[in-house]
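Observations on chain architecture
Below, each chain spelled out in residue letters.
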Amino acid sequence: MLEQYLPFVGLIVFGNIENLVLSSQGVVAGVNPLKLGIASFICVILWLLIGTVATSMLMDYVSFIDFIGGLAIFILGLQAMVESIRGV
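Numbering of residues starts from 1 in each chain and follows the order in which that chain's sequence is written. Only residues with pLDDT of at least 70 are given local features in this predicted model, and only at 80 or more are side-chain atom pairs given and counted; all residues enter the totals for whole chains, interfaces and linings. Excluding hydrogens and water, the side-chain figures rest on all heavy atoms present in the structure.

So, the overall build of the protein
Strands are runs of DSSP state E lasting at least 2 residues, helices are runs of H or I lasting at least 4, and numbering of each runs from the N terminus. Within the protein one finds 3 helices and 0 strands. In terms of overall dimensions, the protein has C-alpha extents of about 40 × 25 × 15 Å along its principal axes. Only protein chains enter the accessibility calculation, which uses a 1.4 Å probe; a residue whose area is less than 20% of its type maximum is buried, one above 50% is exposed, and one in between is partly exposed. Here the protein holds 88 residues, and 14% of them are scored as buried. In the protein, 82% of the contacts between residues at least 6 apart in sequence involve partners at least 24 apart. A total of about 6800 Å² of accessible surface is found on the protein, and carbon and sulfur atoms cover 78% of it. Here, residues are in contact when the closest pair of their heavy atoms is within 4.5 Å. Areas reported as accessible are Shrake-Rupley estimates using a 1.4 Å probe. Residue values count occlusion only from the protein chains shown.

See the structure below:
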């Protein structure tokens, strides 16, 4: 069963790291940690459900999905670093 997810391992690992970065940004910005935790948990569950259902349908587009997902993770990470350097 896990073989079908192997092409997406990079997105899974780096996406989780990015989720931690975005959560830490929310904590630093003074967001209510309980609301942030609940929202993050809901997003992770939704992402898991979408990923589980859509994986079998989108296997032909793995390289495209990896590229777009990796680009999004890179841009969000870059944004987080720039904002933390500025002290925003």
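Considerations on the environment of Tyr61
Tracing the backbone shows Tyr61 in the loop between α2 (33-55) and α3 (62-86). Take Tyr61: its relative accessible area is 48%, and that puts it in the partly exposed class.

Some points on α3
How far a helix is expected to stretch is found by multiplying one less than its residue total by 1.5 Å. Its 25 residues place the ends of α3 36 Å apart at the C-alpha level, agreeing with the 36 Å of an ideal helix rising 1.5 Å per residue. Close packing links the buried residues of α3 with α1 (9-28).

Considering the packing of α1 against α2
Relative orientation of the contacting elements α1 and α2 amounts to 160°, with a least axis distance of 11 Å. Taken together, the axis directions place α1 and α2 in an arrangement best described as roughly antiparallel. Of the two elements, α1 crosses α2, and the hand of that crossing is right-handed. Here Asn19, Ser23, Gly26 and Val27 of α1 lie close against α2, whose contacting residues are Leu36, Ser40 and Val44. For this classification, Asp, Glu, Lys and Arg are treated as charged, while Ala, Val, Leu, Ile, Met, Phe, Trp, Tyr, Cys and Pro are nonpolar and the rest, including Gly, are polar. Partitioning the contact of α1 with α2 into residue classes produces 3 nonpolar, 4 polar and no charged. Helix axes use the C-alpha atoms of the stretch in contact, all axes being lines fitted to C-alpha atoms, and the angles between their N-to-C directions lie in the range 0 to 180 degrees. Roughly parallel covers angles under 35 degrees, roughly antiparallel covers those over 145, roughly perpendicular covers 65 to 115, and oblique covers all other angles. Two helices that cross are described as forming a left-handed crossing if the nearer one is turned anticlockwise from the farther one by less than a right angle, and a right-handed crossing if clockwise.

Geometric values such as these leave the question of function open.
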